[in-house]
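# Coordinate inspection notes
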Amino acid sequence: MIFTVAIDGPAAAGKGTISRGVAARFGFAHLDTGLLYRAVGVKGGDPILAAKSLTSEDLARADLRSLHAGQAASKVAAMPEVRAALKDFQRLFARREGGAVLDGRDIGTVICPQAEVKLFVTASAEIRARRRWLELGGEGAGAIYADVLAQVRERDDRDMNRADAPLRPAADAVLLDTSALSSDAAVAQAVALVAARLGRADL
Ligand code: DC
């Protein structure tokens, strides 16, 4: 069975948790496409060459989830040649046998417009920054909320206003605002949507 769930949205909206939950529930493969851009961003050297020659070691680096990697990713992600170099891998993953969940910024609009389910996950910038700040360890770890909020806004701005594949919901995407939802509730809503599309009322 070919079945793609496209999950797009800004940083820290809950895409990762929802994607992992949906993939586990239906036994689908999951690709966090942000990791591809993060790996290119931290590799150094020419980003286009880096995108063309990404290895599994690059994708296993321990520092890919850092704020620095997120900012670096957002910058290289604005380069059309970088996006082009990563496109085929993502498209093949999306249409692999057995079902796939991909999360990112342009999955429903550019990578897989034919996705069977498209979700656009959002939350306010303040709530997303607070989640990121807590993930970083909060005050105890020396993280400064105002800095995290500024970085979230800067990244939103860059991701939404770039010329190539800007962050925006596909016309046929279902919007899911997680500002006031627990992660369990957000996953449950996404699972219900996928189950309905699969025609499985029992799930
Ligand atoms: O989802 P994330 O925070 O790991 O993504 C890091 C950056 O990569 C994000 O700011 C924009 C870019 N990105 C993108 O342009 N397209 C994607 N499909 C995924 C991520």
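What you see is a predicted model; the values in this text were computed from it and never measured. (Residues numbered from 1 in each chain as written. Predicted model: local features only at pLDDT ≥ 70, side-chain atom pairs only at ≥ 80, totals over all residues. Heavy atoms only, no water.)

### Observations regarding the packing of aromatic side chains
Throughout the structure, instances matching the rule amount to three aromatic pairs. Judged by centre distance (5.7 Å) and plane angle (40°), the ring pair of Phe3 and Phe28 falls under tilted. Highlighted residues: Phe3 in the segment before β1 (4-8) and Phe28 in the loop between α1 (15-26) and β2 (29-32), separated in sequence by 25 residues. A relative accessible area of 5% places Phe3 in the buried class. A relative accessible area of 7% places Phe28 in the buried class. Their ring planes at 25° and their centres at 5.6 Å tell us that Phe26 and Phe28 sit as a pair that is stacked. Note on Phe26: relative accessible area 12%, which makes it buried. Aromatic ring contacts, followed pair by pair, group Phe3, Phe26 and Phe28 into a single cluster. (Phe/Tyr/Trp six-rings, centres within 6.5 Å; stacked < 30°, edge-to-face > 60°. Helix = DSSP H or I, 4+ residues; strand = E, 2+ residues; numbered from the N terminus. Buried < 20%, exposed > 50% of the residue type's maximum accessible area, 1.4 Å probe, protein only.)

### Thoughts on the environment of Arg65
Looking at the secondary structure, you find Arg65 in the loop between α3 (47-52) and α4 (67-76). For the pair Arg65 and Leu136, spaced 71 residues apart in sequence, the C-alpha to C-alpha distance is 9.9 Å. In terms of polar contacts, Arg65 uses its side chain to reach the side chain of Asp32, at 3.1 Å. (Polar contact = N/O pair within 3.5 Å; in protein donor to acceptor, adjacent residues only side chain to side chain.)

### Focus on the pattern of salt bridges
A full pass over the atoms with the stated rule returns 12 salt bridges. With a shortest N-O distance of 3.0 Å, Asp172 and Lys118 are connected by a salt bridge. Here the residue Asp172 occupies a position in the loop between α8 (145-161) and β5 (174-177), and Lys118 occupies one in strand β4 (residues 117-122), the gap between them amounting to 54 residues. When the shortest N-O distance is used, the salt bridge between Asp156 and Arg128 registers 2.6 Å. Remark: Arg128 occurs in helix α7 (residues 125-135) and Asp156 occurs in helix α8; sequence separation between them is 28 residues. Connected through shared salt-bridge partners, Arg105, Asp159 and Arg162 make up one network. (Salt bridge = Lys/Arg side-chain N within 4 Å of Asp/Glu carboxyl O.)

### Focus: the site of the ligand
Taken together, 14 residues surround the ligand, and among them Arg38, Arg83, Arg155, Asp159 and Arg162 come closest. Here Arg83 contributes a side-chain N or O atom positioned 2.8 Å from an oxygen atom of the ligand. Arg155 has a polar side-chain atom sitting 2.7 Å from an oxygen atom of the ligand. Spatially, the ligand is embedded in the largest pocket. Residue assignment for the shell around the ligand shows that the elements contributing at least two residues are α2 (34-43), α4 and α8. Examining the composition of the shell around the ligand, we find that three residues originate from one element, α2, more than from any other. By residue class, the composition of the shell around the ligand is three nonpolar, four polar and seven charged. (Near = heavy atom within 4 Å. 1 Å grid on protein atoms, 1.4 Å probe; cavity = no way out; pocket = protein on both sides within 12 Å on 5 of 7 lines; lining within 4 Å. Sits in = over half its atoms within 2 Å of the grid points. Nonpolar A, V, L, I, M, F, W, Y, C, P; charged D, E, K, R; others polar.)

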